[in-house]
Amino acid sequence: MKITDLKCAIIGHNPVVRITTDEGIEGYGQAESPKRYLKPHVLFYRDHVLGRDPTDVERVMSTIRRLGGFKPWGSAVSAIEFALWDIAGKAAGVPVYKLLGGKVRDKVRVYNGAVRPPLEGITPQHYADNMRQMKESPENFSIIKQGVAFHSPMSTEVPDFYYGDHVDARFHPNRGLLTEKGFKHLMACIEATKDVCGDEVGLALDAGPGMMAPDLLRLAKECEPLNLMWIEDALTGDYVPYVLPDVYRDVTMATSTPIHTGEQIYLRQNFKDLIEQKAVNVIGPDPADIGGIAELKWVAEYADLHGILMAPHGTADGLIGLAALVQVCATLPPNYIAFEYPTGNPEWWYDIIDGLPDPIVTDSYIDVWDTPGLGVSFNDKARAYLREEDADFFD
Ligand SMILES: [Mg+2]
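Residues numbered from 1 in each chain as written. Predicted model: local features only at pLDDT ≥ 70, side-chain atom pairs only at ≥ 80, totals over all residues.

Trainee: Before we go on, may I ask you to explain the domain arrangement of the chain in this structure?
Mentor: Reports often express the size of an interface as the amount of accessible area lost when the parts come together. You can read the domains of the chain as domain 1 (3–94 + 378–390) and domain 2 (99–373). Of note, the centres of domain 1 and domain 2, computed from C-alpha atoms alone, are 26 Å apart. Contact residues are listed per partner, giving 39 residues for domain 1 and 30 residues for domain 2. Of all the secondary-structure elements, those providing two or more residues to the side of domain 1 that touches domain 2 are strand S2 (14–21), strand S3 (26–30) and helix H4 (75–92). Residues that form the side of domain 1 that touches domain 2 fall into these classes: 17 nonpolar, 15 polar and seven charged. (Domains from an automatic or database assignment. Contact = placed C-beta atoms within 7 Å. Helix = DSSP H or I, 4+ residues; strand = E, 2+ residues; numbered from the N terminus. Nonpolar A, V, L, I, M, F, W, Y, C, P; charged D, E, K, R; others polar.)

Trainee: Help me understand unusual backbone geometry, please; the structure alone is not making it clear to me.
Mentor: Residues other than glycine predominantly adopt negative phi, and peptide bonds predominantly adopt the trans conformation. Of note, the bond from Lys-71 into Pro-72 is cis; its omega dihedral lies within 30 degrees of zero at 5 degrees. One can find Pro-72 in the loop between helix H3 (57–64) and H4. Cis geometry is adopted by the peptide bond preceding Pro-209, which originates at Gly-208 and carries an omega value of 0 degrees. Tracing the backbone shows Pro-209 in the loop between strand S8 (202–206) and helix H9 (213–222). For Ala-149, which is not glycine, the phi torsion reads 50 degrees and is therefore positive. Tracing the backbone shows Ala-149 in the loop between strand S5 (143–147) and helix H7 (154–157). In this structure, Asp-238 is a non-glycine residue whose phi angle is positive, near 45 degrees. Here Asp-238 lies in the loop between strand S9 (230–232) and helix H10 (245–252).

Trainee: How do you make sense of the environment of Asp-363 when you look at a structure like this?
Mentor: Inspection of the secondary structure assignment puts Asp-363 in the loop between strand S14 (353–354) and strand S15 (365–367). Judged by the 11 C-beta atoms lying within 10 Å of it, Asp-363 falls in the exposed class. (Buried ≥ 20, exposed ≤ 12 C-beta atoms within 10 Å, placed from the backbone.)

Here you go:
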């Protein structure tokens, strides 16, 4: 089998990859929703993969993997990897999880990041109300993540929240030491949120990037009685193009609150120090950023050898990303906690994709489906949502 074309369209907000072959089998991949600018980056790889056998996934990946980087520059490589597995599964007539070693669970646990009403304000009451609404969502999530500190409006809207000069830009540019006032406000919001969770819903906090190590340690120690699931990406994370494992390690060794990072990290090599130094307790690679699902599987196995847990990121990966997450998470070792459930955005994504269970999530779990490849496909309605410049995407 040979790859005959690699295409990319922006459907809704997500870049979508389509790979076609000389045997009429096609495969799809998807990158995170805020990354519309990736289309030329996806097409950069076209000449590298044309004519190659997509069912030798690793062989194709070895031609393009070194040409990616930390988030967002690993996304195109990752989405292409999804599409290759999709083809390989369809060609073999098996779901992708079979090609990754087989499933070890029939349903995968998800946690909530994306199913959220807007936070109406920054007081503890607003945080409590927001959690109450999320707790009532029909998916009945068993773990819910909330943004605090620099991963929330708190950092800009609470007066004198931190000692630092505000940077007015997107993607969490601010860093600095918290003021005592800021720290107390942060703790009050966390405690109000936890009161709503009780012991029925696990609470995870996304706290940065932007916190300084002494603040993270203070926060983690203060939160010890709250039995948090984890504190995520407080120091680095999101779009930070480095890891700082030694700094994370200092904090992790000094607290019983689980420390988490990793959504922006590309490739196993960049998880090596984090894992070998046991610098965090939980890692959260995103299959759509790390370099694909096989890369995520490899890192999960290596993390398990070192006593480190897995909670893959995925909030903006869309419905094809959701399928990729289900396939790989069905195969992960018992260090797997849950993946972050992505939603279709805009809502019409649910009308153009076939193959997902209905409802998708039941009591915080998704049943693993057995259809070949990633097991999801575009239906006839999809064509109507293509932009003019992508009109030939399905041809
Ligand atoms: Mg995060």
